[in-house]
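Analysis of the macromolecular model
Each chain, written out:
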Amino acid sequence: MAYQFKIGHGYDVHALAEGLDLWLGGVKIDHEKGCVAHSDGDVAIHAICDALLGAAALGDIGKLFPDTSAEFKGIDSKILLGRVVEALAEKGYKVGNIDCTIAMQRPKLRPHIDLMRETLAQVMGIETDAISIKATTTERLGFEGEERGVSAHAVALIHKA
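Residues numbered from 1 in each chain as written. Predicted model: local features only at pLDDT ≥ 70, side-chain atom pairs only at ≥ 80, totals over all residues. Heavy atoms only, no water.

**Quick look at the sheet that holds strand β7 (residues 149-160)**
One open sheet accounts for 5 strands, arranged β4-β1-β7-β5-β6; its pairing is mixed. Two strands in the sheet have a free side with no partner beyond their single neighbour: β4 (33-35) and β6 (131-136). Across the sheet, the mean angle from the axis of one strand to that of its neighbour is 25°, orientation sign disregarded. Relative to β7, strand β1 (residues 5-18) runs antiparallel, the two sharing 11 bridges. In the sheet register, K6 faces β7, and the bridge partner there is I158. Helix α1 (residues 43-55) rests against β1, β5 (93-103) and β7 of the sheet, and its axis sits at about 155° to β1. (Pairing = 2+ DSSP bridges. Helix = DSSP H or I, 4+ residues; strand = E, 2+ residues; numbered from the N terminus. Axes fitted to C-alpha atoms, helices over the stretch in contact; angles between N-to-C directions. Contact = heavy atoms within 4.5 Å.)

Encoded structure:
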């Protein structure tokens, strides 16, 4: 039986280090630390990619875009997200909606969330109101709260086109 709707969950985490660019939700954010990564380290987009791929049973971001490949060194994660959406379309699916939570102590992300939503909507070809981005600080607990890293969880709904 082919399902009309499918749900997937994604999770990603990256360490933070001084002197690197911080990309979240496709937006460059001014901060003294950025993500240590093979790509641009955008944990929000990576979690969204994994949620979409999981919903379509296409594996995970590491399967499609291995961090051992020079092709993906420093790549803009928006390109990866676009390729994931294309892979879904090839299987007859469209993105329904996305809900993503980013965990990071600093900087405050609220001022950037609307631009993240607009940017992600444009990349995925969906309406901005189909994307929810939330942020939490973890109250100084764990690696996020200690400002050693950032994580993101995402849930995605896809449906037959």
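**Topic: the pattern of salt bridges**
Under the definition given, this model contains 9 salt bridges. Among the salt bridges present, the one from R83 reaches E71, with a minimum N-O distance of 3.5 Å. Placement of R83 in helix α3 (residues 77-90) and of E71 in the loop between α2 (61-64) and α3 is noted, with a sequence separation of 12 residues between them. Residue classification places E71 among the exposed positions, given a relative accessible area of 53%. The structure contains a network of salt bridges with shared partners spanning E32, R106, R140 and E147. (Salt bridge = Lys/Arg side-chain N within 4 Å of Asp/Glu carboxyl O. Buried < 20%, exposed > 50% of the residue type's maximum accessible area, 1.4 Å probe, protein only.)

**Brief notes about the environment of G26**
The residue G26 is located in the loop between β2 (22-24) and β3 (27-29) in this model. Each residue touching G26, except ones within four places of it in the same chain, is listed here: D42, I45, K78 and T119.

**Quick notes on the nonpolar core**
Ranked by size, the top nonpolar core spans 49 residues in total, and within it L24, L52, I102 and M124 carry the most contacts. Those elements that place two or more of their residues in this core are β2, β3, α1, α3, β5, α4 (113-124), β6 and β7. A total of 10 residues in this core trace back to one element, the largest contributor, which is α1. Leaving out residues up to four positions away in the same chain, I102 has contacts with L24, A44, L109, M116, I133, K134, A135, T136, V150, S151 and A152. (Core = buried A, V, L, I, M, F, W, Y, C linked by side-chain atoms within 4.5 Å.)

**Details of the pairing of β1**
Examined bridge by bridge, β1 and β4 share 3 bridges and lie antiparallel to one another. When the sheet's bridge partners are listed, E18 is paired in β4 with K33.

**Section: unusual backbone geometry**
Peptide bonds are, in most cases, trans, and in most cases residues other than glycine have a negative phi. Here the bond from R106 into P107 is cis, since omega is -5°, no more than 30 degrees from zero. With respect to the element layout, P107 can be found in the loop between β5 and α4. Positive phi, close to 55°, is recorded for A57, a residue that is not glycine. Turning to its location among the elements, A57 is positioned in the loop between α1 and α2. In this model, T138 sits at a positive phi of 65°, which is unusual for a non-glycine residue. Inspection of the secondary structure assignment puts T138 in the loop between β6 and α5 (142-145). What makes T138 partly exposed here is its relative accessible area of 22%.

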